[in-house]
Amino acid sequence: MSGVLAGIRVLDFGRYIAGPFCGALLGDMGAEVIRLEKLDGSEDRWVAPVDEARKGEGITFLQMNRSKLGMTLNPTKPEGREVVARLVKTADVVIANLPFQTLKEMGLDYDTLSAINPRIILVTNSTFGMVGPYADRVGFDTIGQVMSGAAHLTGFGDKPVRMASPYVDFMSATLSVVGVLAALRERDTSGKGQMIETALLKSALNVANPLLIEQAMLNLNRERVGNRAFTAGPGDSYQCKDGWIYVLAIGQPLFVRWCKMMKREDLIDDPRFKDDLARGDNGEEISAIMQAWCGTRTRDDVLKQLAAARVPAGPIYTPQEALDDPHVKEAGFFKHIEYPGLSKPYPIVDQPVRLSRTPLKISSRPPTLGEHTDQLLAGLGYSKDQIAALRKQRVV
């Protein structure tokens, strides 16, 4: 493999998103990433399958496990522990977003790993972290969302709403990558590894932090206002004759440009809209003005006028429209990957971070279950007979 992390070996015991996406990004950077799964496949491999029979690999697995080798292993058996020990001796990073008690049971806790290889870097992610009354509880992305205050402030009427896209998982995975890069850099000096910890709730609180600062300082006790912005205006979704758009004007210069585009210069000096806070507090009035204007025009016409006025706006797309957008296509945001059993290549965002000289690169499709097990065991010194014995004992 090539890339900025060429020569770095990563053992990915992750599940679902927070661990595996960290591994995917490290793989895109050139690290050799080995995804280790249960013998029957980890849970995330089978969530929401997209093959014709709807019994194969699922959407999350297909995104999170590109640029990896695949191996099956049961690390709870003594022979499996020996395989783990041999792997750890050759590795630089271990990813394991598992409950801390499970880490100990599998021999993947930091004390055990560092005793085998003092240079190892362990990346962990849990729902609540290692300390506190909830430390032993399990959870998913949505638990972080709802406990951060974000869901309370999202939605219409009396019912809070979660974000459909699991942003907390992706935030945790991305922060884990930052931690790995920092730990690798520090290891160049000290020669020692360390443990990296993220937690879904902490990641969610990080995203929600501005509104939490406002609450702590001003005790505003905000409630959900649908799609309207709390501290800006216009900031809302608007229905045109043939679809929806979202407009967001933050700051006086953008508001003035919007007023001029609307031919409503009288609003510039209106005390109800004197600044962002006032425009947020009176957002319903601004939205009514904007909605009346949008309702008589097509979406393309509205977006063209907003673009000409340099007011940020975008169409509210269906998933299919997002795939078909001409800018997305021309900019090459997606790479299409073939996978055994799928009727056609599937789209995956290519190079989510673009480096000009040393770009990230999706080096391979996700592995089929246990695809590289024999290859990797042979690289650890196991003979064909020994590998056959491990298979018979259901170690691999």
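Q: Before we go on, may I ask you to explain helix α9 (residues 252–261) in this structure?
A: It helps to recall that an α-helix has 3.6 residues per turn; residues three or four apart then point in one direction. If you check which residues of α9 are buried, you get L254, F255, V256, W258, C259 and M261. Once α9 finishes, K263 follows within two positions and takes phi at roughly 60 degrees, a positive value.

Q: How should the nonpolar core be read in this particular structure?
A: When a protein is soluble and globular, its nonpolar side chains tend to lie buried together. Formed by 31 residues in total, the largest nonpolar core has its most connected members in L11, F13, V83, L108 and L377. Put simply, the parts of the chain that give this core at least two residues each are β2 (32–37), β3 (68–72), α3 (78–90), β4 (93–96), α4 (100–106), α5 (110–116), α15 (373–379) and α16 (384–392). The element contributing the most residues to this core is α3, with 4 residues. If near-sequence neighbours (up to four positions away) are discounted, F13 is found in contact with L36, V84, V94, I95, A96, L98, M106 and L108.

Q: Explanation requested: the sheet that holds β4 in the structure shown.
A: In sheet architecture, strand pairing relies on hydrogen bonds along the backbone and comes in two forms, parallel and antiparallel. The 6 strands lie next to each other as β3-β2-β1-β4-β5-β6, forming an open sheet whose pairing is parallel. Only two strands of the sheet have a single neighbouring strand rather than two, namely β3 and β6 (195–199). Pairs of neighbouring strands in the sheet enclose a mean axial angle of 20 degrees, with direction left out of account. Here strand β1 (residues 9–12) runs beside β2; their pairing, made up of 4 bridges, is parallel. By the bridge assignment for β2, R9 is matched with E32. Lying on the sheet, helix α1 (residues 20–28) is in contact with β1, β2, β3, β4 and β5 (121–126); it crosses β2 at an angle near 155 degrees. Running at roughly 145 degrees to β1, α3 makes contact with β1, β2 and β3 of the sheet.

Q: Can you walk me through a nonpolar patch on the surface in this structure?
A: A grouping of Y134, F140, I143, V146 and M147 is seen on the molecular surface, where their side chains present a nonpolar patch of about 430 Å² in accessible area. Positionally, I143 belongs in helix α6 (residues 141–147).

Q: Even after reading the chapter, I still don't get the sheet that holds strand β9 (residues 313–315), so can you show me in this structure?
A: With antiparallel pairing, 3 strands are arranged side by side in an open sheet as β7-β8-β9. Unpaired on one side and paired on the other, β7 (235–240) and β9 mark the two borders of the sheet. Within the sheet, the average angular offset between the axes of one strand and its neighbour, ignoring direction, is 25 degrees. Examined bridge by bridge, strand β8 (residues 243–248) and β9 share 3 bridges and lie antiparallel to one another. Looking across to β9, one finds that I245 is bridged to P315. Seen against the sheet, helix α11 (residues 283–294) touches β7 and β8 and runs at an angle of roughly 25 degrees to β7.

Q: I keep staring at the packing of aromatic side chains and nothing clicks. Help me out?
A: Geometrically, a pair of aromatic rings is defined through the distance of the ring centres and the angle of the planes. According to the stated counting rule, one finds 5 aromatic pairs in the structure shown. Taken together, a centroid distance of 5.2 Å and an interplanar angle of 90 degrees make the contact between Y16 and F140 edge-to-face. Placement of the pair is Y16 in the loop between β1 and α1 and F140 in the loop between β5 and α6, with a sequence separation of 124 residues. Over the aromatic face of Y382 sits the side chain of R86, whose NZ or CZ is 4.0 Å from the ring centroid. When the ring centre of F255 is taken as origin, the NZ or CZ atom of R279, which lies over that ring, is 4.3 Å away.

Q: Looking at this model, I keep getting lost on the environment of E214. Mind explaining?
A: In this structure, E214 sits in helix α8 (residues 200–218). Along the sequence, E214 and W46 sit 168 residues apart, while their C-alpha atoms lie 42 Å from each other. If near-sequence neighbours (up to four positions away) are discounted, E214 is found in contact with N219, L220, R222 and T231.

Q: How should the side chain of E57 be read in this particular structure?
A: Along the chain, E57 falls in the loop between β2 and α2 (59–64). A polar side-chain atom of E57 sits 2.8 Å from a polar atom in the side chain of R45. For E57, the contacting residues outside a window of four places in its chain are R45, W46, P49, V50, D51, L62 and Y339.

Q: Explanation requested: the environment of P345 in the structure shown.
A: Tracing the chain through its elements places P345 in the loop between β10 (334–337) and β11 (346–349). Here P345 is in contact with H336, I337 and E338, once residues within four sequence places are set aside.

Q: What should I look at first to understand the packing of helix α7 (residues 167–190) against α8 in this one?
A: A pair of packed helices is characterised by two quantities: the angle between their axes and the separation of those axes. At a minimum axis distance of 9 Å, the contact between α7 and α8 shows a crossing angle of 100 degrees. Here α8 runs roughly perpendicular to α7, going by the angle between their axes. Contacts from Y167, V168, D169, M171, S172 and L175 in α7 reach L200, S203, A204, N206 and V207 in α8. Among the residues forming the contact of α7 with α8, the class breakdown is 7 nonpolar, 3 polar and 1 charged.

Reading the values: the criteria
Residues numbered from 1 in each chain as written. Predicted model: local features only at pLDDT ≥ 70, side-chain atom pairs only at ≥ 80, totals over all residues. Heavy atoms only, no water. Buried < 20%, exposed > 50% of the residue type's maximum accessible area, 1.4 Å probe, protein only. Helix = DSSP H or I, 4+ residues; strand = E, 2+ residues; numbered from the N terminus. Core = buried A, V, L, I, M, F, W, Y, C linked by side-chain atoms within 4.5 Å. Contact = heavy atoms within 4.5 Å. Pairing = 2+ DSSP bridges. Axes fitted to C-alpha atoms, helices over the stretch in contact; angles between N-to-C directions. Patch = residues over 30% accessible without salt bridge, like charges linked within 9 Å, V, L, I, M, F, W, Y side chains within 5 Å. Areas by Shrake-Rupley, 256 points an atom, 1.4 Å probe, with all protein chains shown as cover. Salt bridge = Lys/Arg side-chain N within 4 Å of Asp/Glu carboxyl O. Phe/Tyr/Trp six-rings, centres within 6.5 Å; stacked < 30°, edge-to-face > 60°. Lys NZ or Arg CZ within 6 Å of the ring centre and 35° of its normal. Polar contact = N/O pair within 3.5 Å; in protein donor to acceptor, adjacent residues only side chain to side chain. Parallel < 35°, antiparallel > 145°, perpendicular 65-115°, else oblique. Nonpolar A, V, L, I, M, F, W, Y, C, P; charged D, E, K, R; others polar.

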